[in-house]
There are 2 protein chains.
Amino acid sequence: MMTEQINVQLAATQREKPDQTNLGFGRIFTDHMFMMDYTEGKGWHDPRIVPYQPITLAPSAMIFHYGQTVFEGMKAYLTEDKRVFLFRPEKNMERLNRSNNRLCIPQIDGEFAIEALKKLIEVDQEWIPTAEGTSLYIRPFIIATEPFLGVAPAKNYTFMIIMSPVGLYYKEGIAPVKILVENDFARTVKGGTGEAKTAGNYASSLKAQEIASEKEYSQVLWLDGVEKKYIEEVGSMNVFFKIDGEVVTPALNGSILHGVTRDSVIQLLKHWNIPVSERRLSMEEVAEAHRDGKLEEAFGTGTAAVISPIGEFFWEEEKMVLNNGKTGELSKKLYDTITGIQYGTIEDPFNWVIEVPIASSK
Amino acid sequence: MMTEQINVQLAATQREKPDQTNLGFGRIFTDHMFMMDYTEGKGWHDPRIVPYQPITLAPSAMIFHYGQTVFEGMKAYLTEDKRVFLFRPEKNMERLNRSNNRLCIPQIDGEFAIEALKKLIEVDQEWIPTAEGTSLYIRPFIIATEPFLGVAPAKNYTFMIIMSPVGLYYKEGIAPVKILVENDFARTVKGGTGEAKTAGNYASSLKAQEIASEKEYSQVLWLDGVEKKYIEEVGSMNVFFKIDGEVVTPALNGSILHGVTRDSVIQLLKHWNIPVSERRLSMEEVAEAHRDGKLEEAFGTGTAAVISPIGEFFWEEEKMVLNNGKTGELSKKLYDTITGIQYGTIEDPFNWVIEVPIASSK
């Protein structure tokens, strides 16, 4: 493991904490952030916690031109007895390095990054919100900083972790969303960057999302880029369908994100002896199951929303209402179990949560 | 047209001009840059020329996370009689707005942007290199600056123009390059962002490029993302093939960049009565033409390299050497004609060049 000391420079003053009843998502940031730099030939260096502040880059910094960047999304949770939990952070660091590999960004030391994150959380511990359903959203990301307009992997990068106290991702809480199945636009394709958590995939998705919003659908369901038949993801989440008692989710095929919540849902279902299968799944199969009355539930999974039940699909003029537009039993049980484990209110049979050691608060 | 006055703040000192025999590409920048901001509800505002300097953004600025950004590449040329030419700048602004549309970025006033560019060039006129084959590379780009971690189009943007005196894109000048036909990775796909000049397309291309470089190929030829059969682009250029007397280039199908040089080549060929066709073209057809001795030439086209002759393709264990690895006659003629028009040494029958009015230099 990287052994360099993390330099800590505390903010001179602490900013006022926000109103916890109206946190929103990703607009408010804590007093500090973590940074470290990469220089070709030297590796990652100068890990430091500094006051949250603007960053300064050359206008020619490669991030602005060629999008060489990756990110992660994680959360820290405050338990009733004031302990701080992280949920499977090693999975996020594994995925960050998988994304790095695809984007030609140097690997980071995941263990070291988790230690740095723990230290950052300790410094900003008072920013973890306490109201029900709130948490501290954590955004690690890496950007190419070399000032150069050539199309090539950069020689300099900065890795950062910023943190934002957040409410529920969907203001309405766990409530079914309406999904438009996308036939025109593609998010990614086999051989593309779909498996990586990188900016371009999200930029690419905005147009379809905008059109869906105009039609009053809250998210888009992405079909594969080759045949436009097979289900990939929904919005920026993985997706599950309960069909005739079996839970099905698209197999990881190279263009689907390796969701941490996705993996947790699969493990939980197996633990509960509910049949679950990762395989290729066509939209036609889902529509047919709906027509036959066998599409029992559908839901998206992701760190931000945890479980997002789906109340309706719209696909090629066919409107499919699920479960009378209500949250399904399984969706609810998964949401309650995962958030229960995350907040320490129910047993964690998988050792998913990791406690962040917190020295007594000032 | 936008009528707001462009505020000009001159640099206190002028930096030393670089050695013109070793300019490289995109590492040295002029003394000034152009900026203007967009605010939702207010539109584009505060156009200004300021000293070239680092830019400061919140770590949560959307550009760092979701890649909402577009760019252009253009050049300014100094003629023998000290006039300054731009080459079809209106085409770049048209394309910038096409890219904006795909990326959900507000449209800019292209005419105004060209006026701003002319003013910027006038301010930095002494930076236009004079040595043969050199030019002033111009990089307009737009980045999403809103500090927000939600996946949605931003409410704030900055448009910038930076300029870099450059030598030839390929150090070796107009000399044939070796191209690896890519079978595993995809740059983009139908319904994706391939037609837009946006960061994610370039980020996505790095991995294949890295593997090609290890095999000593200088660029990758991209096949379509769906069937992996049809030719799209080569590296970050459009591509042309001369087969049995006819010049063929892939038709604009939604995932291919609308290259300005591509369009200029097509117009020139028509002007010369050389048969040219924009159509779907498979790699198999190219390989077959090569086997039959009918693949006479191939070349890439782009602003940076202008015409980049191709000396060799490698595709599925088949090595195809073109024209004994030498620059073809047509490639050379196109290069000489386009650069001749750009530098004002030969007639411009298409009115492609626009003169930048330059008040006498200090």
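Residues numbered from 1 in each chain as written. Chains lettered and ligands numbered in written order. Predicted model: local features only at pLDDT ≥ 70, side-chain atom pairs only at ≥ 80, totals over all residues. Heavy atoms only, no water.

Definition in use: UniProt positions are given in the numbering used here, feature names are shortened, and annotations may be inferred rather than shown by experiment.
Looking at an unreviewed UniProt entry, one finds chain A named Branched-chain-amino-acid aminotransferase, with Domibacillus mangrovi as its source organism. Taken directly from UniProt, the Sequence similarities (unreviewed entry) text for chain A runs: "Belongs to the class-IV pyridoxal-phosphate-dependent aminotransferase family." Check the Cofactor (unreviewed entry) section of the UniProt entry for chain A; it says "pyridoxal 5'-phosphate".

1. Here we look at the overall build of chain A
Our working rule: In this text, helices come from DSSP runs of H or I with a minimum length of four residues, and strands from runs of E with a minimum of two, each type numbered from the N-terminal end. We take the radius of gyration over the C-alpha atoms and set the globule estimate at 2.2 Å times the residue count to the 0.38 power. Classification of residues uses two cut-offs on accessible area relative to the type maximum, computed with a 1.4 Å probe and protein chains only: under 20% is buried, over 50% is exposed, and between them is partly exposed. Note on areas: these come from Shrake-Rupley sampling with a 1.4 Å probe, and a residue is covered only by the protein chains present in the view. The sign given to each residue is positive for Lys and Arg and negative for Asp and Glu; His and the chain ends receive no count. All charge positions are set by atom: Lys at NZ, Arg at CZ, Asp at CG, Glu at CD.
Along chain A, the regular secondary structure elements total seven helices and 19 strands. Here chain A has a C-alpha radius of gyration of 21 Å; the compact-globule value for 362 residues is 21 Å, and the two agree. Within chain A, the proportion of its 362 residues that are buried is 61%. Put simply, chain A shows about 14,100 Å² of open surface, and 46% of that area lies on carbon and sulfur atoms. Positive and negative charge centroids in chain A, built from 38 and 50 side chains respectively, lie 1 Å apart.

2. A few points about the relation of the copies chain A and chain B
Rule in force here: Here the copies are matched by least squares. The fit uses the C-alpha atoms of residues with pLDDT of at least 70 in both. Two residues qualify as a contact provided that any one of their heavy atoms is within 4.5 Å of a heavy atom in the partner residue.
For the pair chain A and chain B, the superposition axis carries a translation of 0.0 Å, the fit reaches an RMSD of 0.0 Å, and the rotation angle comes to 180 degrees. Such values leave the two copies arranged in the relation of a two-fold axis. Most of the interface of chain A is mirrored in chain B, where 100% of its interface residues again form contacts.

3. Points about the environment of Pro54(B)
You can see Pro54(B) is positioned in the loop between strand S3 (43–51) and strand S4 (55–57). A sequence separation of 144 residues divides Pro54(B) from Thr198(B), and the C-alpha atoms of the two residues are 21 Å apart. If near-sequence neighbours (up to four positions away) are discounted, Pro54(B) is found in contact with Thr56(A), Leu57(A), Ala58(A) and Pro59(A).

4. Examining the packing of aromatic side chains
Note on aromatic pairs: each is described by the distance of the centres and the angle between the planes. Residues and elements named next belong to chain A. Keep this limit in mind: Each pair of aromatic rings taken from Phe, Tyr and Trp, with Trp reduced to its six-membered ring, is defined by centres within 6.5 Å and is described as stacked if the planes are under 30 degrees apart, edge-to-face if over 60, and tilted in the remaining cases.
Across all of its chains, the model carries 33 aromatic pairs over all chains by this definition. With 5.3 Å between their ring centres and 65 degrees between their planes, tyrosine 38 and tryptophan 44 make a pair best called edge-to-face. Note on tryptophan 44: relative accessible area 12%, which makes it buried. Three or more aromatic residues joined by ring pairs make a cluster, and in this case those are Phe34, Tyr38, Trp44, Tyr157 and Phe159.

5. A closer look at the domain arrangement of chain A
How big an interface is tends to be reported as the loss of accessible area on association of its parts. Residue and element names in this part refer to chain A. Put simply, the rule reads: Note that the domain bounds were set by an automatic or database domain assignment. Buried area, as used here, totals the accessible surface that two parts lose on assembly, with accessibility defined by a 1.4 Å probe and the loss added over both. We count a salt bridge whenever a side-chain nitrogen from Lys or Arg sits within 4 Å of a carboxyl oxygen from Asp or Glu. Contacts described as polar in this section are N or O atom pairs within 3.5 Å, which, within protein, must combine one atom able to donate a hydrogen with one able to accept it, while residues neighboring in sequence count only if both atoms come from side chains.
Looking at chain A, the domain boundaries give domain 1 (7–167) and domain 2 (177–342). Each side of the interface is counted separately: domain 1 has 20 residues, and domain 2 has 22 residues. At the boundary of domain 1 with domain 2, total buried surface from both sides reaches about 1,800 Å², with 58% on carbon and sulfur atoms. It is Phe71, Phe87 and Arg95 that lose the most area in domain 1 upon contact with domain 2, and together they represent 33% of the buried surface on that side. With its nearest N and O atoms 2.9 Å apart, the salt bridge here joins aspartate 263 to arginine 88. For the interface between domain 1 and domain 2, the tally reads 12 residue pairs in polar contact (both at pLDDT 80 or more). When residues of the side of domain 1 that touches domain 2 are traced back to their parent elements, those giving at least two are strand S5 (69–71), strand S6 (74–78), strand S7 (84–87) and helix H2 (89–102). Tallying contributions element by element places H2 first for the side of domain 1 that touches domain 2, with six residues.

6. Focus: the nonpolar core
Our working rule: What makes a nonpolar core is a set of buried Ala, Val, Leu, Ile, Met, Phe, Trp, Tyr and Cys residues whose side-chain atoms join them at distances within 4.5 Å.
Met33(A), Phe64(A), Met33(B) and Phe64(B) are the most contacted members of the largest nonpolar core, which totals 46 residues. Not counting residues within four places of it along the chain, the set of residues in contact with Phe64(A) comprises Leu57(A), Ala58(A), Pro59(A), Ile55(B), Leu57(B), Ile63(B), Phe64(B), Thr69(B), Phe141(B) and Ile143(B).

7. Some thoughts on the pattern of salt bridges
Following the criterion strictly, the structure yields 32 salt bridges over all chains and no others. We note a salt bridge from Asp37(B) to Arg48(B), for which the minimum N-O separation is 3.1 Å. Of this pair, Asp37(B) sits in strand S2 (residues 32–39) while Arg48(B) sits in strand S3, and the two are 11 residues apart along the sequence. The partner of Glu284(B) in a salt bridge is Arg291(B), with the nearest N and O atoms 3.2 Å apart. Beyond isolated ion pairs, a larger network of salt bridges with shared partners links Asp81(A), Arg83(A) and Glu355(A).

8. Topic: the interface of chain A and chain B
What counts, and what does not: Side-chain classes follow a simple rule in which Ala, Val, Leu, Ile, Met, Phe, Trp, Tyr, Cys and Pro form the nonpolar group, Asp, Glu, Lys and Arg form the charged group, and the remainder, Gly included, forms the polar group. When DSSP finds two or more bridges between two strands, those strands count as paired.
Chain A puts 61 residues into the contact, and the matching count from chain B is 62 residues. Viewed at the interface, chain B and chain A are joined by two salt bridges. Two residues, Glu146(A) and Arg27(B), come together in a salt bridge whose shortest N-O distance is 3.0 Å. For the interface between chain A and chain B, the tally reads 23 residue pairs in polar contact (both at pLDDT 80 or more). The set of elements that each furnish at least two residues to the side of chain A that touches chain B consists of strand S4 (55–57), helix H1 (63–66), S5, H2, strand S8 (135–144), strand S9 (156–166) and helix H4 (199–214) of chain A. No other element matches H4(A), which puts nine residues into the side of chain A that touches chain B. Considered class by class, the residues forming the side of chain A that touches chain B number 34 nonpolar, 17 polar and 10 charged. Relative to S4(B), S4(A) is paired through three bridges, and the arrangement is antiparallel.

9. Brief notes about the environment of Glu233(B)
Residues and elements named next belong to chain B. Here glutamate 233 is to be found in strand S12 (residues 231–234). Between the alpha carbons of glutamate 233 and valine 220 there is a distance of 8.5 Å; along the sequence they are 13 residues apart. Ignoring sequence-local partners within four residues, the contact set of glutamate 233 consists of Arg187, Gly194, Val220, Leu221, Trp222, Asn238, Val239, Ser255, Ile256 and Leu257. Here the side chain of glutamate 233 touches leucine 257 through a polar contact of 2.8 Å, landing on its backbone nitrogen.

10. As for the UniProt feature "modified residue: N6-(pyridoxal phosphate)lysine" (unreviewed entry) in chain A
Residues and elements named next belong to chain A. In this numbering, the UniProt entry assigns the feature "modified residue: N6-(pyridoxal phosphate)lysine" (unreviewed entry) to Lys197. Secondary-structure assignment places lysine 197 in the loop between strand S10 (177–182) and H4. Residue class for lysine 197 comes out buried when judged on its relative accessible area of 9%. In this structure, lysine 197 is in contact with Thr69, Val70, Phe71, Glu72, Gly73, Arg95, Ser99, Tyr202 and Leu257, ignoring residues within four places of it in sequence.

11. Quick notes on the pairing of strand S2 (residues 32–39) of chain A
Residue and element names in this part refer to chain A. Burial within S2 is extensive, with seven of its eight residues counted as buried. With seven bridges connecting them, S2 and strand S3 (residues 43–51) associate as antiparallel partners. In the sheet register, methionine 33 faces S3, and the bridge partner there is valine 50. Counted along the chain from S2 to the antiparallel partner S3, the turn is three residues long, and its residue glycine 41 has a positive phi close to 90 degrees.

12. Regarding helix H5 (residues 260–271) of chain B
The test is simple: Here, expected helix span is obtained from the residue count minus one, scaled by 1.5 Å.
The terminal C-alpha atoms of H5(B), which comprises 12 residues, lie 16 Å apart, in line with the 16 Å expected from a rise of 1.5 Å per residue. Regarding H5(B), the residues found buried are Val260(B), Thr261(B), Arg262(B), Ser264(B), Val265(B), Ile266(B), Leu268(B) and Leu269(B).

13. A short note on the packing of helix H5 (residues 260–271) of chain A against helix H7 (residues 329–342) of chain A
Axis angle and axis distance: for two packed helices, these are the angle between their axes and the distance between the axes, and together they describe the pair. All names here are of chain A. What counts, and what does not: Helix axes are fitted only over the stretch in contact, all axes being lines through C-alpha atoms; the angle between N-to-C directions runs from 0 to 180 degrees. Orientation categories follow fixed angle ranges, with anything under 35 degrees roughly parallel, anything over 145 roughly antiparallel, 65 to 115 roughly perpendicular, and all other angles oblique.
Contact geometry of H5 with H7 gives a least axis separation of 11 Å together with a crossing angle of 110 degrees. Comparing their axes, H7 and H5 come out roughly perpendicular. From H5, Thr261, Val265, Leu268 and Leu269 reach across to H7, where they touch Leu330, Leu334, Thr337 and Ile338. Taken together, the residues of the contact of H5 with H7 sort by class into six nonpolar, two polar and no charged.

14. Some details on unusual backbone geometry
Backbone geometry places Glu316(A), a non-glycine residue, at a positive phi of 45 degrees. For Glu316(A), the location among the structural elements is in the loop between strand S17 (306–315) and strand S18 (318–321). We note that Asn324(B) has phi near 55 degrees; this positive angle belongs to a residue other than glycine. Assignment of secondary structure puts Asn324(B) in the loop between strand S18 (318–321) and helix H7 (329–342).

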